[in-house]
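For reference, the chains in residue letters:
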Amino acid sequence: MMEHTPASSTVTDDPQARDLLRRAFERTARWQKDFKGFTADLTVNVSGKETSGPVIVKGPREVSVQLDDDEIRKWAQEQLGMIAVHRGPRSFEESDGKYSLTMEEDGHPFGTKLTIHGSHSYYRIKDNRITQINRKMAHPGMNPFAFTINVEESGVTQDQKNLTTKYTVYYYSPTDGKLTNVESFTDTHIRVGSSDLPATRRIIAYENGQVVVKGMTFKNHKLL
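**Q** What is the right way to read the overall build of the chain from this model?
**A** Of the regular secondary structure elements, the chain holds 2 helices and 12 strands. A globule of 224 residues ought to have a C-alpha radius of gyration of about 17 Å, and the chain, at 18 Å, matches this closely. When the backbone C-alpha atoms are referred to their principal axes, the chain occupies close to 55 × 40 × 30 Å. A buried classification covers 40% of the 224 residues belonging to the chain.

Written out as structure tokens, the structure is:
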């Protein structure tokens, strides 16, 4: 079972790898420690069909979306939950810093390979940015799956932190390597107070035999 487990004691932690990942982690934009959340008006466009309603985001597990279409509401809630997970305040020690880390220079265009032992993950890092994430997952009752995220474009916030604006996720089977889906994300952000909040998100994916474009537009942001 490929669940996240504590790092193996047989792997010696590389201080250089730890320093490399810590620098990239600390230069990644996150909401500030005293962030209480925000409200906004959301419009979702799925291949031309629009639906609108209010949202409240307090944290990864505290997301409220009010949309008439139940399927789109659940999808939007998942997207906002994912944004909150990635942007939520946390320390390096609470996340990847709790694992043993090693690195390898293999000449890859996306930079140094950095393995996070015990998490079934490895990253690539270049110019103090995480440029690629590779992970294998297995949950009870679900087929194992794996994904690679390539970070294609990112901006720099007022706080001089890196904030991803375009990335593509490749989903595949870890057993036979077969590609199952590709999702291309394009994000924009708006500065409200000292927070960079989601302004738009566009996702292009392959669903039920066709390419589908879904868009999210947020307006009238207010901090809680």
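On we go.
**Q** Teacher, can you tell me more about the pattern of salt bridges here?
**A** Opposite charge on two side chains allows them to pair when their charged atoms are near. With the rule as written, the count across this model stands at 13 salt bridges. Residue arginine 124 pairs with aspartate 106 through a salt bridge whose shortest N-O separation is 2.9 Å. Here aspartate 106 lies in the loop between β4 (100-104) and β5 (112-117) and arginine 124 lies in strand β6 (residues 121-126), a separation of 18 residues in the sequence. Arginine 124 sits in the buried class, given a relative accessible area of 6%. Sharing partners across several salt bridges, the network here consists of Arg22, Glu26 and Glu93.

**Q** Help me out: how do you make sense of the side chain of serine 173 in this one?
**A** For serine 173, the position within the fold is in the loop between β9 (162-172) and β10 (179-192). At a separation of 2.7 Å, a polar atom in the side chain of serine 173 contacts the side chain of threonine 175. Excluding its chain neighbours within four sequence positions, the residues that come into contact with serine 173 are Lys178 and Thr180.

**Q** Looking at this structure, I do not really get helix α2 (residues 70-87). What am I missing?
**A** Quick reminder: α-helices carry 3.6 residues per turn. Residues three or four places apart thus point the same way. In this model α2 runs 26 Å from its N-terminal to its C-terminal C-alpha over 18 residues, within 8% of the 26 Å that 1.5 Å per residue would give. Those residues of α2 not exposed but buried are Ile72, Trp75, Ala76, Gln79, Leu80, Gly81, Ile83, Ala84 and Arg87. The N-capping residue of α2, defined by a side-chain oxygen 3.0 Å from the backbone nitrogen of glutamate 71, is aspartate 69.

**Q** Hey, could you run me through the layout of surface pockets in this one?
**A** One simple way to see leftover space: roll a probe sized like a water molecule over the atoms. Counted as a void, the second largest pocket has a volume near 360 Å³. In this structure, the second largest pocket is lined by 19 residues; those nearest its centre are Thr28, Arg30, Trp31, Arg90 and Lys161. Counting residues per element, the ones that place at least two in the lining of the second largest pocket are α1 (15-26) and β11 (195-207). Residue classes in the lining of the second largest pocket are distributed as 5 nonpolar, 6 polar and 8 charged.

**Q** What should I look at first to understand the packing of aromatic side chains in this one?
**A** When we look at a pair of aromatic rings, we describe it by the centre distance and by the angle of the planes. Per the counting criterion, the structure on display carries 6 aromatic pairs. With 4.4 Å between their ring centres and 20° between their planes, tryptophan 31 and phenylalanine 35 make a pair best called stacked. A relative accessible area of 12% places phenylalanine 35 in the buried class. What links up through ring pairs into an aromatic cluster is the set Trp31, Phe35 and Phe38. Over the aromatic face of phenylalanine 25 sits the side chain of arginine 30, whose NZ or CZ is 3.8 Å from the ring centroid. The ring of tyrosine 122 carries the charged tip of lysine 113 above its face, separated from the ring centre by 4.4 Å.

**Q** What should I look at first to understand the pairing of β5 in this one?
**A** The side chains of a regular strand alternate, residue by residue, between the two faces of the sheet. Taking every second residue as pointing to the same face, the buried face of β5 carries Thr112, Leu114 and Ile116, while none of Lys113, Thr115 and His117 on the other face is buried. Direction of pairing for β5 relative to β6: antiparallel, over a ladder of 5 bridges. Each residue of the ladder has a partner; that of leucine 114, found in β6, is tyrosine 123. Counting the residues that bridge the hairpin from β5 to β6 gives 3 residues, and of these glycine 118 lies at a positive phi of roughly 95°.

Rules and cut-offs
Residues numbered from 1 in each chain as written. Predicted model: local features only at pLDDT ≥ 70, side-chain atom pairs only at ≥ 80, totals over all residues. Heavy atoms only, no water. Helix = DSSP H or I, 4+ residues; strand = E, 2+ residues; numbered from the N terminus. Rg over C-alpha atoms; globule rule 2.2 N^0.38 Å. Buried < 20%, exposed > 50% of the residue type's maximum accessible area, 1.4 Å probe, protein only. Salt bridge = Lys/Arg side-chain N within 4 Å of Asp/Glu carboxyl O. Polar contact = N/O pair within 3.5 Å; in protein donor to acceptor, adjacent residues only side chain to side chain. Contact = heavy atoms within 4.5 Å. Expected span 1.5 Å × (residues − 1). 1 Å grid on protein atoms, 1.4 Å probe; cavity = no way out; pocket = protein on both sides within 12 Å on 5 of 7 lines; lining within 4 Å. Points joined across faces, edges and corners; volume = space filled by probe spheres on them. Nonpolar A, V, L, I, M, F, W, Y, C, P; charged D, E, K, R; others polar. Phe/Tyr/Trp six-rings, centres within 6.5 Å; stacked < 30°, edge-to-face > 60°. Lys NZ or Arg CZ within 6 Å of the ring centre and 35° of its normal. Pairing = 2+ DSSP bridges.

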